[in-house]
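What the coordinates show
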Amino acid sequence: MPDIIQLLPDSVANQIAAGEVVQRPASAVKEMLENAIDAGADNIQLIVKDAGKTLIQVIDNGCGMTETDARLSFERHATSKIRQADELFRIRTKGFRGEALASIAAIAHVEMKTRLRDNEIGTKILISGSDVENQEPCATPVGTSISVKNLYYNTPARRNFLKSDAVEMKHIVEEFERVALAHSDIAFKLIHNTSELFNLKESTPRQRIVNMFGPKFNERLVPVKEETAIVKLSGFIGKPEYARKTRGEQYFFVNNRFIKNSYLHHAVKTAFEELISRDSYPSYFLYLDLDPSSIDVNIHPTKTEIKFTEERSIYAIIHSAVRNSLGKYNISPSLDFEQEDVFNVAPLPRDAEIAQPETVDFNFNPFDAETGKASASSGSSSFGRGKSVVSPGNWEDVYQISERSFESQSELIEADPDTSLMSENRNFIQLQKRYILTSIKSGMLIVDQQRAHERVLYEWALTVMNDQQGTSQQSLFPETIELSNQDCELLKDLEPDLQKLGFTVDSFGGSSVVINGVPAEAADYPVRELIEGILEQYKNEADSLKSASRTALAKSIARNMSVKRGRTLQREEMLELIDALFACEQPQVSPGGNPCILKFSIDELNEKFKA
Ligand code: ADP
Ligand code: MG
């Protein structure tokens, strides 16, 4: 039998490679833009016709090429970017395979004009289907212009797979945006047919985002910054109140290269936990700079995945930096300002839960005199954070502490520190037994009483479980509760944490438990309902949270111990609740991720009144 193995001609090999590298017009766009960046350009234009099917042209003012390089650049594995294998671990350029231009030239008509800075005259080269048809000197500006025409002209099968112009153009814009966001120091322009879609001047990263996504973005961005030995992290996250139900703008850049990484996405997403509802997505623009030897980009030419050697540390750094920024900058409760209807405070729906009869005095404790340790006697009602946390034992001190912490937070509220919030003769109005209105120097606040109290209790519960011991109030009449076996098991699991919070749970005989004590903060609640409610809620929360059992417990506690809508509050109660709220780390949202506070500045009011 004769030998049958033959080497494929280059043109065929290139066509095969092209199938991988140039899956659609947007892939060619990406490669060409990246080449322009690698060439050191600071001005790049992308001109596209018919979503790239007719023309993709990239014009840059980069270093340009010599006559020989111009020709060589279309050969497979021809690259100026690495010479030896070990350089693969030091790559700072986008390209390094020398495959893109060869692949593109195999399946299109290409015209390249290029000129070195020091040369008077440039060179022009025409290639179709890998064949050089012409090369000659030409007059052209410094830099390189590459026109790719009639993509897939010789591979009709692939051309037939292309989607509509609208879809292909969407992919092109996506690639363009990623590259332009990664390089705010470069000016970019994108023209499609006759319309100019982007014209981006060289700018700061923040300005680039605003220029691309619109002026509204400016106030939405919160800076993130962290520098460690492993990674330098910078960029922005979107404020939680702007998180959307659809996947919004989520960008990671590693050494100025856009990447996708679901693990790191998780790090950001969980940092927003409790701040946004579970089905919405935060937006972020995060730039990671790290030693090229600690990443592996050599996976697939068009893939945006990347491997990190220190993935876990990077996860932790991103998570804590985002968390930090949220805590630091997102104090201003300027939620939902754009909604006109926030003024029309809705009446309680007819079937709204009216949790407790109004006649109940929240602080009334019949055993006060006998026990001498009821919550009321310490001067702290159930609205505080819990005595063991802020807890000096008298109201004045609680007040002082929250004042201090609010002052330091309020420095971060834009330009207007609102210390008058603390003035002793503040007014409070309760609206619909649901909202608390209070004036501040710069305007007014509206607080949702139940959400605010949930936030206060939630942070209290977490603090107490993590490093303190709550105060338990021993019941004079311990209550025996019958539970299902499953709930009984669950209660046993939670017992150590519950005990820290101040619950005393005893004698697990069969499926009945005895509750001997509850947190001082819950002294006035019916014990059985409280325990059952907490278990029920916990099961719901833990289901969706899986790992974070303390978070789930804290949420359940907060939900079940909070003052509900429909409760009339006394002035002191409102005062204490609001103070406690502002002593929280994240006063602006409930543990469930909904706004607790709306703030209206005088300016906004004036504007509404056209004053
Ligand atoms: P790679 O980018 O992986 O090196 P390409 O096929 O994309 O491979 O490009 C091949 C070579 O052509 C590059 O290494 C570079 O030297 C040169 N080149 C391509 N585009 C440009 C450009 N716009 N300006 C200057 N040189 C370029
Ligand atoms: Mg390249």
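Predicted, not measured: the structure shown is a model, and the values here were computed from it.

Comments concerning the nonpolar core
- Core analysis: the biggest nonpolar cluster contains 60 residues, and Ile44, Leu46, Val148, Phe176, Leu181, Phe188 and Phe285 have the highest contact counts within it.
- It is helix 6 (residues 165-182) that provides the largest number of residues to this core, a total of eight residues.
- Setting aside anything within four residues of it in sequence, one finds Leu181 in contact with Arg208, Ile209, Met212, Phe213, Tyr251, Phe253, Phe285 and Tyr287.
- Counting residues in each nonpolar core, the second largest holds 35 residues, with Ala522, Ile534, Ala542 and Ala554 among its members.

Examining the side chain of Ser280
- Tracing the chain through its elements places Ser280 in the loop between helix 9 (262-271) and strand 13 (284-289).
- A polar atom in the side chain of Ser280 sits 3.0 Å from the backbone oxygen of Ser277.
- Beyond its immediate stretch of four places on either side in the chain, Ser280 contacts Ala243, Arg244, Lys245 and Lys269.

Describing the site of ligand 1
- Around ligand 1, the structure places 18 residues, and the nearest of them are Asn35, Thr79, Ser80, Lys81 and Gly98.
- A distance of 2.8 Å is found between an oxygen atom of ligand 1 and a backbone nitrogen or oxygen belonging to Gly98.
- The side chain of Thr144 places a nitrogen or oxygen atom 3.3 Å from a nitrogen atom of ligand 1.
- Protein contact buries 93% of the 530 Å² of open area that ligand 1 shows by itself.
- Only helix 2 (25-38) and helix 4 (100-106) provide two or more residues apiece to the shell around ligand 1.
- Classifying every residue of the shell around ligand 1 gives seven nonpolar, seven polar and four charged.

Thoughts on the environment of Gly143
- Tracing the backbone shows Gly143 in strand 6 (residues 143-149).
- Once residues within four sequence positions are removed from consideration, Gly143 is found in contact with Asp60, Asn61, Gly62, Gly64, Lys113, Thr114 and Arg115.

A short note on a nonpolar patch on the surface
- A cluster of nonpolar side chains, contributed by Met1, Ile4 and Ile5, occupies part of the molecular surface with about 480 Å² of accessible area.
- Position of Met1 relative to the elements: it lies in the segment before helix 1 (10-21).
- Owing to a relative accessible area of 88%, Met1 belongs among the exposed residues under this scheme.

Some remarks on the sheet that holds strand 18 (residues 443-448)
- Within the open sheet, the four strands sit side by side as 16-17-18-22. Their pairing is antiparallel. Because the sheet does not close on itself, it has two edges, and the strands there are strand 16 (428-431) and strand 22 (597-601). Taken over all neighbouring pairs, the strand axes of this sheet differ in orientation by 20 degrees on average, direction set aside.
- In the sheet, strand 18 pairs with strand 22 via five bridges, with the strands oriented antiparallel. Counted as the bridge partner of Ile446 is Leu598 from strand 22.
- Sheet strands touched by helix 14 (residues 449-467): strand 16, strand 17 (435-440) and strand 18. Its angle to strand 18, the strand with the most contacts, is close to 75 degrees.
- Contacting strand 16, strand 17, strand 18 and strand 22, helix 18 (residues 571-582) runs over the sheet at an angle of about 95 degrees to strand 16.

Here we look at the pattern of salt bridges
- Applying the stated criterion across every chain yields a total of 16 salt bridges.
- For Arg178, the salt bridge identified is with Glu174, shortest N-O distance 3.3 Å. Of this pair, Arg178 and Glu174 both sit in helix 6, separated by four residues, roughly a single helical turn.
- Here Asp448 ties to Arg451 by a salt bridge, and the two come within 3.7 Å at their closest N and O atoms.
- Taking relative accessible area as the criterion, Asp448 reaches 3% and is therefore assigned buried.
- Arg451 gets classed as partly exposed once you look at its relative accessible area, which sits at 21%.
- Ionic contacts of the salt-bridge type, sharing partners, join the residues Glu174, Glu175 and Arg178 into one network.

Examining the sheet that holds strand 6
- The mixed open sheet is built from eight strands, whose spatial order is 5-4-3-6-2-1-7-8. Strands with a single pairing partner mark the edges of an open sheet, and in this sheet they are strand 5 (131-138) and strand 8 (195-200). Strand-to-strand twist across the sheet, computed as the mean angle between neighbouring axes with direction ignored, equals 10 degrees.
- Pairing analysis gives seven bridges linking strand 4 (residues 122-128) to strand 5, with the strands arranged antiparallel. Paired with Leu126 across the two strands is Asn134, which belongs to strand 5.
- On top of the sheet, helix 2 reaches strand 1 (43-49), strand 2 (55-60), strand 6 and strand 7 (187-192); it is set at about 10 degrees to strand 2, its chief contact.
- Contacts from helix 6 reach strand 1, strand 7 and strand 8, with the element oriented near 175 degrees to strand 7.

Rules used in this analysis
- Residues numbered from 1 in each chain as written.
- Chains lettered and ligands numbered in written order.
- Predicted model: local features only at pLDDT ≥ 70, side-chain atom pairs only at ≥ 80, totals over all residues.
- Heavy atoms only, no water.
- Core = buried A, V, L, I, M, F, W, Y, C linked by side-chain atoms within 4.5 Å.
- Buried < 20%, exposed > 50% of the residue type's maximum accessible area, 1.4 Å probe, protein only.
- Helix = DSSP H or I, 4+ residues; strand = E, 2+ residues; numbered from the N terminus.
- Contact = heavy atoms within 4.5 Å.
- Polar contact = N/O pair within 3.5 Å; in protein donor to acceptor, adjacent residues only side chain to side chain.
- Near = heavy atom within 4 Å.
- Areas by Shrake-Rupley, 256 points an atom, 1.4 Å probe, with all protein chains shown as cover.
- Nonpolar A, V, L, I, M, F, W, Y, C, P; charged D, E, K, R; others polar.
- Patch = residues over 30% accessible without salt bridge, like charges linked within 9 Å, V, L, I, M, F, W, Y side chains within 5 Å.
- Salt bridge = Lys/Arg side-chain N within 4 Å of Asp/Glu carboxyl O.
- Pairing = 2+ DSSP bridges.
- Axes fitted to C-alpha atoms, helices over the stretch in contact; angles between N-to-C directions.

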